[in-house]
Amino acid sequence: MSILTLTDGAFDETINGSDTPVLVDFWAEWCGPCKMIAPVLEEIAREQAGKITIGKLNVDDNPDTARRYEVLSIPTLLVFAEGELRKRLVGAKGKGQLLQELEEFL
C-alpha cells in the first residue's frame, strides 16, 4: 500500500521522522468527497513515490489530531515539511489541481 494509515498515537513520529514532505488526508468513512479524492491520492502516491509521502487519518477514530490542527470540514489535506505545517487544502480536488497545489513540495 502506497498510502500510510496515521493515528493520533503515531502522528508526530511519522511527520517528524519523514525525509519527504507528508500530505495528510483527514477523512471519514461517511464522507462522499473523501471517497472521491481517495483514488486520486493513491495515484499521486504511486507516481510521486520518494518525493512525497501520503497518509490518511480517520477523524472519527483519531479526533485528537483533527482537533489539534483545527480540521473542521473534510476532506482537509495538510502538507507538512520538516515537521512543520506548510499548507492547508480544504475540499476534494481533481488530480491536476492537486498536483499544481503540491508543486512546491515535489
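Residues numbered from 1 in each chain as written. Predicted model: local features only at pLDDT ≥ 70, side-chain atom pairs only at ≥ 80, totals over all residues. Heavy atoms only, no water.

Turning our eyes to something else, we now look at the sheet that holds strand S4 (residues 76-81). Read across the open sheet, the five strands follow the order S1-S3-S2-S4-S5; overall the sheet is mixed. Looking along the sheet, the strands with just one partner apiece sit at the ends: strand S1 (3-6) and strand S5 (84-90). The average undirected angle you get between the axes of adjacent strands in this sheet is 25°. For S1 and strand S3 (residues 53-58), the ladder comprises four bridges, and the chain directions are parallel. Among the inter-strand pairings, Leu6 is bridged to a residue of S3, identified as Leu57. With respect to the sheet, helix H4 (residues 95-102) is in contact with strand S2 (22-27), S4 and S5, its orientation differing from that of S5 by roughly 155°. (Pairing = 2+ DSSP bridges. Helix = DSSP H or I, 4+ residues; strand = E, 2+ residues; numbered from the N terminus. Axes fitted to C-alpha atoms, helices over the stretch in contact; angles between N-to-C directions. Contact = heavy atoms within 4.5 Å.)

Another aspect to go through is the nonpolar core. Judged by nonpolar contacts, the single largest core of 18 residues is most densely connected at Phe11, Val24, Phe26, Ile74 and Phe80. Going through the elements one at a time, helix H1 (11-17), S2 and S4 are the ones with two or more residues in this core. Here this core gets four residues from one element, more than from any other, and that element is S2. Ala45, Ile54, Leu89 and Leu98 belong to the second-largest nonpolar core, a separate cluster that totals 16 residues. (Core = buried A, V, L, I, M, F, W, Y, C linked by side-chain atoms within 4.5 Å. Buried < 20%, exposed > 50% of the residue type's maximum accessible area, 1.4 Å probe, protein only.)

Next up on the list: the packing of aromatic side chains. Two aromatic rings, taken as a pair, are described by how far apart their centres are and by the angle between their planes. Counted by the stated rule, this structure contains four aromatic pairs. Residues Phe11 and Tyr69 carry aromatic rings whose centres are separated by 5.7 Å and whose planes lie at 50° to one another, so their mutual orientation is tilted. Here the residue Phe11 occupies a position in helix H1, and Tyr69 occupies one in the loop between helix H3 (63-68) and S4, the gap between them amounting to 58 residues. The burial state of Phe11 is the same as that of Tyr69; both residues are buried. When the centroid spacing of 5.7 Å and the interplanar angle of 80° are considered together, the rings of Phe11 and Phe80 count as edge-to-face. Remark: Phe80 occurs in strand S4 and Phe11 occurs in helix H1; sequence separation between them is 69 residues. There is no split in this pair, since Phe11 and Phe80 are both buried. An aromatic cluster is defined as three or more aromatic residues linked by ring pairs; in this entry it consists of Phe11, Phe26, Tyr69 and Phe80. (Phe/Tyr/Trp six-rings, centres within 6.5 Å; stacked < 30°, edge-to-face > 60°.)

Between two cysteines, a covalent bond joining their sulfur atoms is known as a disulfide. Throughout the structure, instances matching the rule amount to one disulfide. At a sulfur-sulfur separation of 2.3 Å, the disulfide partner of Cys31 is Cys34. Looking down the S-S bond of the Cys31 and Cys34 bridge, the torsion is 80°, so its handedness is right-handed. Just as Cys31 is buried, Cys34 falls in that class too. (Disulfide = S-S within 2.5 Å.)

As a further point, take the side chain of Thr76. If you trace the backbone, Thr76 turns up in strand S4. Judged by relative accessible area, Thr76 falls into the buried class, the value being 1%. For Thr76, the side chain forms a polar contact with the main-chain oxygen of Ser73, separated by 2.4 Å. With residues near it in sequence (within four places) discarded, Thr76 still touches Val24, Asp25, Phe26, Val71, Arg88, Leu89 and Val90. (Polar contact = N/O pair within 3.5 Å; in protein donor to acceptor, adjacent residues only side chain to side chain.)

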